[in-house]
Amino acid sequence: MLPENFIQSVQHLKGFDKEKFEAIHNSEEQITSVRINPEKKCSIFLEEEYKQVAWCKYGFYLPERPSFTLDPCFHAGAYYVQEASSMFLWHIVEQIFGTNTEQKILDVCAAPGGKSTLLASYFYNGLIVSNEVIKQRAAVLAENITKWGTTNNIVTNNDPKNFAYLKNYFDAVVIDAPCSGSGMFRKDVTAVEEWSLDNVTLCSQRQQRIIADVWDSLKENGYLIYSTCSYSEEENEQITDWIMDNFIAKSVQIFIPNNWHIETTQSNKHKAFGYRFYPDKIKGEGFFITVLQKKESIATHKFKQQQLQQPTKQELALLNSFIVLQNEVKLFKYHNEIKAIDEKWYNDVAILSQQLYIKKAGTIIGEIKGKDFVPHHELAVGTLRLSNIATLELDKDNALQYLRKKEIAVSSPNKGMVLVTYQGLSLGWIKVMQHRMNNYYPSEWRILKS
Ligand code: SAM
């Protein structure tokens, strides 16, 4: 049963059809969709039975929900389980940026990483800074981004106000705001139980705060992409009006084919465009998204070029047996770990680490332990090119045993660090010794389900 005061609060909204909306919520229909990782070749969702999500070329609907936990490809980062409406962000960035993908993007409310992994795929040569304020959720975000494997990601764990020093820094800021969650009513009964008008008000105040905190970090003519999974006008169109009341911004209209059945709305005061997803009209959950272009400038702070600690010649020699360093990749050291990021984003790591808590930056290659170079899990599952290192392809049972961090019953002719794969997708390292092997899969990510 949907809350009566919820229905009353939204029934005046454009595109809201009470009967159809209630009917779809009373139906048993559940939609499952995934977005595949273009960097990790996995063709299973390209078969006929998987229908494509209209607004995202890598999005696919599944005929039913499989056990993702028991699919090694899922752990290898071959796809991300993402609600289809959210994938509309792909269409938005495609319209705004086209082929200009070398952009600096901040994803302010990023955990668990749905939007960030989408952005990482689209801006494959850009920089994605994924932030999450809640520590435990930032750990999950870092895990999902590591599995996704892209190199040019920085994960931070900060309050949005900590970004204030980065004046005129980002080409786009994505705020997928914490919200009252009515868009998830069909998927999640607790969202229905927890919904209240008071919470809508609280969320709307928090959304305004987050926007105000990060506004200065957006460049002049940069784009603010704001979304919620709420139907409430207070968290959607009224927020766009609030932005246009308080800052100098222009609404950006996105072209949408009619047969996608996405509802275009306009805010009351400034007539700013917004896009609403109703589950009785589209194949996905409730969602709202809007785009504003910043039309004001503030003085830019000039950050000095900075050097991060560099690996020594000996360390580099050891490391070269594991990785083919592409010209554009630059290495740096943090504590004992050697990391890599595209050269063009190297200075950003230094600038961001001045005032932000960096949870992850680029790809950790590994560390020197005694006379050995120990490759890191991020290198195994990342998309940097590896040297001719030994690999061992596992069948499904052994891949799952590996992901449970158990011993695997296979023998390898190679000794030392061996990369284990499933269907050609890297899962992680094992160390093969004379009579046994050690499983290097990260303990905190192991599958607990038998
Ligand atoms: N963008 C994510 C994705 O696509 O996977 C989902 C983000 S979720 C809708 C909103 C996030 O905002 C949550 O991870 C939540 O922890 C975070 N959050 C909660 N309160 C916040 C605040 N005051 N400032 C910034 N983020 C906040």
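Quick notes on the rules
- Residues numbered from 1 in each chain as written.
- Predicted model: local features only at pLDDT ≥ 70, side-chain atom pairs only at ≥ 80, totals over all residues.
- Heavy atoms only, no water.
- Helix = DSSP H or I, 4+ residues; strand = E, 2+ residues; numbered from the N terminus.
- Rg over C-alpha atoms; globule rule 2.2 N^0.38 Å.
- Buried < 20%, exposed > 50% of the residue type's maximum accessible area, 1.4 Å probe, protein only.
- Contact = heavy atoms within 4.5 Å.
- Pairing = 2+ DSSP bridges.
- Axes fitted to C-alpha atoms, helices over the stretch in contact; angles between N-to-C directions.
- Salt bridge = Lys/Arg side-chain N within 4 Å of Asp/Glu carboxyl O.
- Core = buried A, V, L, I, M, F, W, Y, C linked by side-chain atoms within 4.5 Å.
- Near = heavy atom within 4 Å.
- Polar contact = N/O pair within 3.5 Å; in protein donor to acceptor, adjacent residues only side chain to side chain.
- Areas by Shrake-Rupley, 256 points an atom, 1.4 Å probe, with all protein chains shown as cover.
- Left-handed = near helix turned anticlockwise from the far one by under 90°.
- Nonpolar A, V, L, I, M, F, W, Y, C, P; charged D, E, K, R; others polar.
- Phe/Tyr/Trp six-rings, centres within 6.5 Å; stacked < 30°, edge-to-face > 60°.
- Lys NZ or Arg CZ within 6 Å of the ring centre and 35° of its normal.

**Some words on the overall build of the chain**
Right, so step 1: The helix and strand inventory of the chain stands at 13 helices and 22 strands.
Right, so step 2: Rg of the C-alpha trace for the chain: 23 Å, near the compact-globule value of 22 Å for 450 residues, within the 12% margin.
Right, so step 3: The principal-axis extents of the C-alpha atoms in the chain amount to approximately 70 × 55 × 35 Å.
Right, so step 4: Classification of the 450 residues of the chain by burial places 58% in the buried group.

**Some remarks on the environment of Gln-11**
Right, so step 1: Tracing the chain through its elements places Gln-11 in the loop between helix 1 (4-10) and helix 2 (18-26).
Right, so step 2: The residues touching Gln-11, leaving out its near neighbours within four places in the chain, are Phe-16 and Lys-18.

**Observations regarding the sheet that holds strand 17 (residues 363-369)**
Right, so step 1: Overall, antiparallel pairing links the four strands, which are arranged 14-15-17-18 in an open sheet. Either end of the sheet is taken by a strand with one partner, and the two such strands are strand 14 (329-334) and strand 18 (372-375). Geometrically, the sheet is characterised by an average inter-axis angle of 30 degrees between neighbouring strands, direction not taken into account.
Right, so step 2: Bridge count between strand 14 and strand 15 (residues 337-342): six bridges; the pairing is antiparallel. Bridge pairing links Phe-332 to Lys-339 in strand 15.

**Digging into the sheet that holds strand 22 (residues 437-439)**
Right, so step 1: Spatially, the four strands line up as an open sheet ordered 19-20-21-22, and their pairing is mixed. Among the strands making up the open sheet, the edge pair consists of strand 19 (391-393) and strand 22. Across this sheet, the average inter-strand angle for adjacent strands is 35 degrees, counted without regard to direction.
Right, so step 2: Both strand 20 (residues 416-422) and strand 21 (residues 425-432) contribute to a ladder of seven bridges, which runs antiparallel. Looking across to strand 21, one finds that Leu-419 is bridged to Trp-429.
Right, so step 3: Along the sheet, helix 13 (residues 396-403) makes contact with strand 20, strand 21 and strand 22, crossing strand 21 at roughly 70 degrees.

**Focus on the pattern of salt bridges**
When the charged atoms of two side chains lie near each other, side chains of opposite charge can form a pair.
Right, so step 1: A complete count under the given rule lists 18 salt bridges for this structure.
Right, so step 2: A salt bridge links Asp-342 to Lys-344; the shortest N-O distance between them is 3.2 Å.
Right, so step 3: When its relative accessible area of 11% is taken as the criterion, Asp-342 is described as buried.
Right, so step 4: The class of Lys-344 is partly exposed, set by a relative accessible area of 36%.
Right, so step 5: Salt-bridge contacts for Lys-360 lead to Glu-378; the nearest nitrogen and oxygen are separated by 3.1 Å. Here Glu-378 lies in helix 12 (residues 377-381) and Lys-360 lies in strand 16 (residues 358-361), a separation of 18 residues in the sequence.
Right, so step 6: On the basis of relative accessible area, Glu-378 is assigned to the buried category, the value being 8%.

**Points about the nonpolar core**
Right, so step 1: Of all hydrophobic cores here, the largest spans 70 residues; its most connected members are Trp-55 and Phe-88.
Right, so step 2: Of all the elements, helix 4 (residues 88-97) adds the most residues to this core, at seven residues.
Right, so step 3: In contact with Trp-55, not counting residues within four places along its chain, are Tyr-61, Ala-84, Ser-85, Met-87, Phe-88, Trp-90, His-91, Trp-260, Ile-262, Phe-277 and Ile-282.

**Concerning the site of the ligand**
Right, so step 1: Taken together, 17 residues surround the ligand, and among them Cys-109, Gly-114, Glu-132, Arg-137 and Asp-176 come closest.
Right, so step 2: Side-chain polar atom of Arg-137 to an oxygen atom of the ligand: 2.8 Å apart, as the coordinates give it.
Right, so step 3: Between the ligand and the protein, one listed contact pairs a nitrogen atom with a side-chain N or O atom of Asp-176 at 2.8 Å.
Right, so step 4: If the ligand stood free it would expose 600 Å²; the protein chains cover 82% of that surface.

**Quick word on the packing of helix 4 against helix 5 (residues 114-122)**
Right, so step 1: Direction vectors running N to C along helix 4 and helix 5 enclose 35 degrees, while the axes themselves pass 10 Å from each other. Both helix 4 and helix 5 take part in a crossing whose hand is right-handed. Note on element contacts: helix 5 touches helix 4 through Lys-115, Leu-118, Leu-119, Ser-121 and Tyr-122, opposite Leu-89, Trp-90, Val-93 and Glu-94.
Right, so step 2: Across the contact of helix 4 with helix 5, the residue classes break down as six nonpolar, one polar and two charged.

**A word on the packing of aromatic side chains**
Right, so step 1: Counting across every chain of the model gives 32 aromatic pairs.
Right, so step 2: With centroids separated by 5.4 Å and ring planes inclined at 80 degrees, the aromatic side chains of Phe-97 and Phe-123 adopt a geometry described as edge-to-face. Separated by 26 residues along the polypeptide, Phe-97 in helix 4 and Phe-123 in the loop between helix 5 and strand 6 (127-131) bring together distant segments of the chain.
Right, so step 3: Residue classification places Phe-123 among the buried positions, given a relative accessible area of 2%.
Right, so step 4: Note on Tyr-122 and Phe-123: the rings are 5.1 Å apart at their centroids and 75 degrees apart in plane angle, and the pair reads as edge-to-face.
Right, so step 5: Here the aromatic cluster, defined as three or more aromatic residues joined through ring pairs, consists of Phe-6, Phe-16, Phe-21, Phe-185, Trp-195, Tyr-231 and Tyr-278.
Right, so step 6: Taking the ring centre of Tyr-169 as reference, the NZ or CZ of Lys-104 above it sits at 3.9 Å.
Right, so step 7: Just above the ring of Tyr-346 sits the side chain of Lys-330; from NZ or CZ to the centre is 4.5 Å.

Everything listed here is a matter of coordinates, which is why it stays silent on function.
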